[in-house]
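These are the residues of each chain, in order.
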Amino acid sequence: MAWTTPKTWTGGELVTEDTLNEQIRDNFNVVRNQIRYAIVEVFAPGVTVTTGNGKKYIPLLTDFNGMNIVEVYARVITAGTTGTTTIQINNSRTGDVLSTRITIDSGETGSNTAAAPAVINATKDDIATYDNLRIDVDGIQTTAPLGLIVVIGFQYP
């Protein structure tokens with residue numbers, strides 16, 4: 001289903017079920033089903049990434065109620081070397097969201113090229129009003145990366 005440019009109605013025009021569905025229902029569904037992103041700077045550029053739980057917290061308000069986490073990505077500003085940086089997202093209500101954590105491999109700056117892609121646990125991806133997400137850095141390379149940004153995508157099921 002694709003977005004339909006809204007119609008300019010004229011007086012006396014007959015409104016049909018198909019026209020209303022296309023103009024209102026279908027366009028509403030396109031907007032509703034878009035992925036919304038939270039982009040979080042966990043460590044500023046030039047700051048050494050360190051391990052630990054709760055490196056950043058993301059409180060989710062009513063707009064996220066009923067959504068699912070559908071996409072995750074992490075990026076460092078300066079790549080680390082020797083080993084892997086691993087990142088977990090934890091929901092204070094449901095626990096660890098990722099069954100396979102986000103990884104950034106040695107010499108790389110983004111998780112999109114990771115040998116082991118992150119996997120979202122479908123039993124832990126549901127979001128409710130006032131959930132609190134916690135970014136945990138579970139491991140870093142021997143030569144630590146600098147700067148860390150985590151992106152989380154949310155969508156209605």
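Details of the structure are given in the entry above.
Notes on the structure in this doc start here. (Residues numbered from 1 in each chain as written. Predicted model: local features only at pLDDT ≥ 70, side-chain atom pairs only at ≥ 80, totals over all residues. Heavy atoms only, no water.)

**Points about the overall build of the protein chain**
Put simply, the rule is: Here a strand is any run of E in DSSP of at least two residues, a helix any run of H or I of at least four, and the numbering for each starts at the N terminus. Based on C-alpha atoms, the radius of gyration is set beside the globule rule, defined as 2.2 Å times the residue count to the power 0.38. Using a 1.4 Å probe on the protein chains alone, a residue whose accessible area is under 20% of its type maximum counts as buried, one over 50% counts as exposed, and one in between counts as partly exposed. Pairs of residues are marked as contacts when any of their non-hydrogen atoms sit within 4.5 Å. In these tables, accessible area is a Shrake-Rupley quantity obtained with a 1.4 Å probe, and a residue counts as shielded only by the protein chains included in the view.
For the protein chain, the count of helices and strands is one helix and 10 strands. Element order for the protein chain, N to C, with α for helix and β for strand: α-β-β-β-β-β-β-β-β-β-β. For 157 residues, the compact-globule formula gives about 15 Å, and the C-alpha radius of gyration of the protein chain, at 20 Å, lies well above that figure. For the protein chain, the C-alpha atoms occupy an extent of roughly 70 × 30 × 25 Å along the three principal directions. Counting every position in the protein chain, which comprises 157 residues, the buried fraction comes to 34%. A separation threshold of at least 6 residues defines the contact pool for the protein chain, and within that pool the share at least 24 residues apart is 76%. Of the roughly 8500 Å² of accessible surface on the protein chain, a fraction of 52% belongs to carbon and sulfur atoms.

**Section: a nonpolar patch on the surface**
Applied cut-off: Patch definition: residues above 30% relative accessible area lacking any salt bridge, with like charges linked at up to 9 Å and the nonpolar side chains Val, Leu, Ile, Met, Phe, Trp and Tyr linked at up to 5 Å. Salt bridges are defined as contacts in which a side-chain nitrogen from Lys or Arg sits within 4 Å of a carboxyl oxygen from Asp or Glu.
Judged by side-chain polarity, Trp9, Val15, Leu20 and Ile24 come together as a nonpolar surface patch covering roughly 360 Å² of accessible area. As for its placement among the helices and strands, leucine 20 is situated in helix H1 (residues 17–32). Relative accessible area serves as the criterion here: at 37%, leucine 20 is assigned to the partly exposed category.

**So, the packing of aromatic side chains**
Quick reminder of the rule: Aromatic rings from Phe, Tyr and Trp, with only the six-membered ring used for Trp, were paired whenever their centres fell within 6.5 Å, and each pair was classed as stacked if the ring planes differed by under 30 degrees, edge-to-face if by over 60, and tilted otherwise.
In this structure the tally under the stated criterion is one aromatic pair. Taking the centre distance of 4.8 Å and the plane angle of 65° together, the rings of phenylalanine 64 and phenylalanine 154 count as edge-to-face. Of the two residues, phenylalanine 64 sits in the loop between strand E2 (52–59) and strand E3 (68–78) while phenylalanine 154 sits in strand E10 (residues 146–155), which places them 90 residues apart along the sequence.

**Quick notes on H1**
As a reminder of what qualifies: A helix is expected to span 1.5 Å multiplied by its residue count minus one.
With 16 residues, H1 extends 21 Å from end C-alpha to end C-alpha; this agrees with the ideal 22 Å at 1.5 Å per step. Within the sequence span of H1, burial applies to Gln23, Asp26, Asn27 and Val30.

**Some remarks on unusual backbone geometry**
Of note, threonine 82 is a non-glycine position whose phi angle comes to about 65°, a positive value. Non-glycine residue tyrosine 130 carries a positive phi angle of around 70°. Relative to the elements of secondary structure, tyrosine 130 occurs in the loop between strand E8 (119–120) and strand E9 (132–139).

**Section: the pattern of salt bridges**
For the structure on display, the rule yields three salt bridges. Between arginine 93 and aspartate 131 there is a salt bridge, with its nearest N and O atoms 2.7 Å apart. Here arginine 93 is found in the loop between strand E4 (84–91) and strand E5 (95–96), whereas its partner aspartate 131 is found in the loop between E8 and E9, with 38 residues between them in sequence. The exposure class assigned to aspartate 131 is buried, which follows from its relative accessible area of 3%. The closest approach of N and O atoms between arginine 134 and aspartate 136, which form a salt bridge, is 2.6 Å. Given the relative accessible area of 21%, arginine 134 is considered partly exposed. For aspartate 136, a relative accessible area of 2% corresponds to the buried category.

**Some thoughts on the nonpolar core**
Put simply, the rule is: We call a set of buried Ala, Val, Leu, Ile, Met, Phe, Trp, Tyr and Cys residues a nonpolar core when their side-chain atoms join them within 4.5 Å.
Formed by 27 residues in total, the largest nonpolar core has its most connected members in Ile89, Leu133, Leu148, Val150, Ile152 and Phe154. With residues near it in sequence (within four places) discarded, valine 150 still touches Ala38, Ile39, Val40, Val42, Tyr73, Ala74, Ile87, Ile89 and Ile135.

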